[in-house]
Structures are given as structure tokens and as C-alpha cells.
Amino acid sequence: MNIILLGPPGAGKGTQAQILKETLNIPKLSTGDMLREAVAKGTEIGKKADKIMKAGQLVPDDVIVSMVRARIAEADCRNGFILDGFPRTLTQAQFLDGPGAAQKIDKVIEIKVNDKALITRISGRFTCAKCGAGYNKETKPTAVAGICDNCGSTEFVFRADDKAETVAARLKAYNDQTAPLLPYYREKGILFSVDGMADIDEVTRQIRGIVKKAA
Ligand code: AMP
């Protein structure tokens with residue numbers, strides 16, 4: 001099954017994609033993670049993307065589409081995949097529907113969250129530098145301050161684009177360029193929505209219900 005998780009930054013797409021990946025045993029393709037890796041490695045794509053990401057804007061479609069085209073052609077995507085953070089524009093969605101992708105999207109799951117909650121969630125989030133476990137200063141702190149619950153590491157990372165001034169640009173990019181994908185997929189009859197304001201387990205439960213439903 002090929003699934004898209006759609007929603008604004010901070011909606012919980014990454015968290016839910018990770019859970020779904022483990023339940024369905026199919027890979028999670030996060031274009032944000034791919035770009036951050038490219039930036040860290042200093043590749044050509046990384047050099048192009050770095051400034052754009054720090055400004056909270058979208059990386060050009062041609063760069064993203066070629067990255068996703070290559071990734072979904074890999075063997076581990078044969079039994080399905082979960083897209084997290086892609087598509088973000090109509091051009092990207094049209095690529096998935098075209099012959100270049102050769103993969104039909106079965107379900108698009110929108111995670112709905114209100115803007116105020118998004119700002120709190122994004123500006124407080126951090127991850128363990130060692131195991132990648134995600135936390136939030138306000139909503140999900142570590143049990144012992146400064147120590148990862150999962151692996152005991154004391155090093156944490158904050159995303160460069162999670163700063164308050166960048167978050168507003170990212171929300172605007174979502175509302176202007178990505179939200180138009182909702183009617184696009186609604187018309188195709190493959191759009192489902194979950195209440196992203198609920199706690200993580202409840203959101204997971206709702207998503208599982210949608211995934212299990214016959215197409
Ligand atoms: P994310 O981790 O999904 O929030 O993505 C972080 C940043 O990477 C975004 O703010 C964009 O600058 C860039 N990015 C990720 N995915 C895409 C995409 N599908 N199209 C354009 N830019 C993207």
C-alpha cells in the first residue's frame with residue numbers, strides 16, 4: 001500500500017510515519033530527512049537546499065521530484081511506502097500520478113491541527129542526537145532532564161528551521177502551496193482525515209483504522 005501523510009509542519013507526520021512503518025513493514029520516505037542528510041553531507045542538492053530550508057521555503061520541484069523518483073524506484077519500495085512531507089505542491093502530486101512514478105497512491109491521510117498548537121509543538125521540539133527519539137519541551141519532555149528516555153544519551157539536536165521566525169514562513173508555504181492538495185485528493189476520493197489534536201496513540205488508532213479499510 002502506498003500512503004501519503006499530509007499536514008502542516010508539526011502536525012505529527014514524522015511521528016506517525018515512523019509508527020506506521022513499523023506496523024506495515026514498509027519504508028518511510030521523508031523528503032525533509034533526505035534533504036537534511038544531503039545538507040549534512042554537503043552534496044550538490046544539500047548546498048542548494050540549505051538556504052531555502054533555513055528560510056522556511058520550499059525546495060524547487062525538479063530537485064525534490066528527482067530525489068523521490070530515485071527513491072521510490074528502489075527495491076524496498078516494491079511492497080509500498082509511506083510518504084512524509086511529499087508531495088507539497090501540485091506539480092509534485094502530478095508527478096506521482098504520472099508515468100514517471102509508476103506507483104499508484106492508495107490513500108492520503110490528512111493530519112489536522114490548528115495553527116496555534118503547531119507553533120507550540122514546533123518551537124519546543126528536539127530529538128536525541130544518538131537514537132533520534134523525538135521530544136518537546138512543553139508537551140513531551142524527557143523523564144529526567146537532559147537524558148534520553150530511550151537510549152540514555154545526553155546530546156540533543158534542534159532543527160535549524162524550527163526557530164520562531166522560520167516557522168511562520170513554513171506555515172505560509174503550507175497554506176499557500178500544499179493545502180490546495182486537499183481538494184485535489186478529495187476529488188480523487190482517496191483523502192481521509194484524522195484529528196491531529198488528539199494524543200499520539202489516538203491519532204495512530206485513527207490512522208490504522210483508515211489503512212485497514214478496504215480501498
Ligand atoms: P520537513 O522535515 O518535512 O518539515 O521539511 C523541512 C524542509 O525541507 C521544508 O521546510 C522545505 O524547505 C524542505 N522540503 C521538504 N520536503 C519538501 C518538498 N516535498 N518540497 C519542497 N521542499 C521540501
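Rules used throughout
The written sequence of each chain sets the order in which its residues are numbered from 1. Confidence filtering applies because this is a predicted model: local features only for residues at pLDDT of at least 70, side-chain atom pairs given and counted only at 80 or more, and all residues used for totals across whole chains, interfaces and linings. Water and hydrogen atoms were dropped before computing side-chain values, which therefore reflect all heavy atoms in the structure. The criterion is simple. A nonpolar core is a set of buried Ala, Val, Leu, Ile, Met, Phe, Trp, Tyr and Cys residues joined through side-chain atoms within 4.5 Å. Each residue is placed in one exposure class: buried if its accessible area under a 1.4 Å probe, protein chains only, is under 20% of its type's maximum, exposed if it is over 50%, and partly exposed if it falls in between. Only runs of H or I of at least four residues qualify as helices and only runs of E of at least two qualify as strands under DSSP, and these elements are numbered from the N terminus. Only heavy atoms matter for contacts: two residues are in contact if any of them lie within 4.5 Å across the pair. We define proximity as follows: a residue is near a molecule or strand when any one of its heavy atoms falls within 4 Å of that partner. For this analysis, a polar contact is any N or O atom pair within 3.5 Å, provided that within protein one partner can donate a hydrogen and the other can accept it, and provided that sequence-adjacent residues contribute only side-chain to side-chain pairs. The Shrake-Rupley method, run with a 1.4 Å probe sphere, supplies the accessible areas, and residue values consider only the shown protein chains as cover. Each residue is assigned to one of three groups, with Ala, Val, Leu, Ile, Met, Phe, Trp, Tyr, Cys and Pro labelled nonpolar, Asp, Glu, Lys and Arg labelled charged, and all others, Gly among them, labelled polar. Whether two strands pair comes down to DSSP finding at least two bridges between them. Every axis in this analysis is a line fitted to C-alpha atoms, fitted for helices over the stretch in contact. Angles between the N-to-C directions lie between 0 and 180 degrees. Aromatic pairs are defined between Phe, Tyr and Trp rings, using the six-membered ring for Trp, whenever the two ring centres lie within 6.5 Å; interplanar angles under 30 degrees are classed as stacked, those over 60 as edge-to-face, and all others as tilted.

S.K.: How would you sum up the nonpolar core? Please name residues and give values.
M.R.: Within the largest apolar cluster, 31 residues are counted, with the highest numbers of intra-cluster contacts made by Ile4, Leu83, Phe86, Leu96, Ile105, Val108 and Tyr185. Elements with a contribution of two residues or more to this core: strand 1 (2-6), helix 2 (31-41), helix 3 (44-54), helix 4 (61-72), strand 3 (81-84), helix 5 (90-97) and helix 8 (181-188). A total of six residues in this core trace back to one element, the largest contributor, which is helix 4. Discounting residues that sit within four places of it in the chain, leucine 83 has contacts with Ile3, Ile4, Leu5, Leu29, Leu96 and Ile105.

S.K.: Quick rundown of the site of the ligand? Include the residues and the values.
M.R.: Lining the immediate surroundings of the ligand are 16 residues, of which Thr31, Gln57, Gly85, Arg88 and Gln92 lie closest. Glutamine 57 is positioned with one of its backbone polar atoms (N or O) 2.5 Å from an oxygen atom of the ligand. The separation between a nitrogen atom of the ligand and a polar side-chain atom of glutamine 92 is 2.9 Å. Protein contacts shield 96% of the accessible area of the ligand, which totals 480 Å² for the unbound molecule. If one sorts the elements of the shell around the ligand by residue count, helix 2 sits on top with four residues. When the residues that make up the shell around the ligand are grouped by side-chain class, the tally is six nonpolar, five polar and five charged.

S.K.: Account for the sheet that holds strand 3, with residues named and values stated.
M.R.: Strands sit in the order 2-3-1-4-8 across an open sheet of five strands; the sheet is parallel. Each edge of the open sheet is held by one strand with a lone partner, namely strand 2 (28-30) and strand 8 (191-195). Sheet twist, expressed as the average angle between the axes of neighbouring strands with direction ignored, equals 25°. Sheet topology places strand 1 next to strand 3; four bridges connect them, and they run parallel. Note that in strand 3 the partner of isoleucine 3 across the bridge is isoleucine 82. Packed on one face of the sheet, helix 2 meets strand 2 and strand 3 and runs near 60° to strand 2. Across the sheet, helix 9 (residues 200-212) is in contact with strand 1, strand 4 (107-112) and strand 8; its angle to strand 8 comes to roughly 160°.

S.K.: Residue-level account of the packing of aromatic side chains, with values.
M.R.: Aromatic ring pairs are reported here in terms of the distance separating the ring centres and the angle at which the planes meet. For the structure on display, the rule yields six aromatic pairs. Look at phenylalanine 126 and phenylalanine 158: their rings are 5.6 Å apart centre to centre, the planes differ by 35°, and that puts the pair in the tilted class. Note that phenylalanine 126 is positioned in strand 5 (residues 125-128) and phenylalanine 158 in the loop between strand 7 (156-157) and helix 7 (164-178), a separation of 32 residues in sequence. For the pair tyrosine 135 and phenylalanine 156, a centre-to-centre distance of 6.1 Å together with 80° between the ring planes defines the contact as edge-to-face. Of this pair, tyrosine 135 sits in strand 6 (residues 134-136) while phenylalanine 156 sits in strand 7; the two residues are 21 residues apart in sequence, bridging distant segments of the chain. For tyrosine 135, a relative accessible area of 6% gives the class buried.

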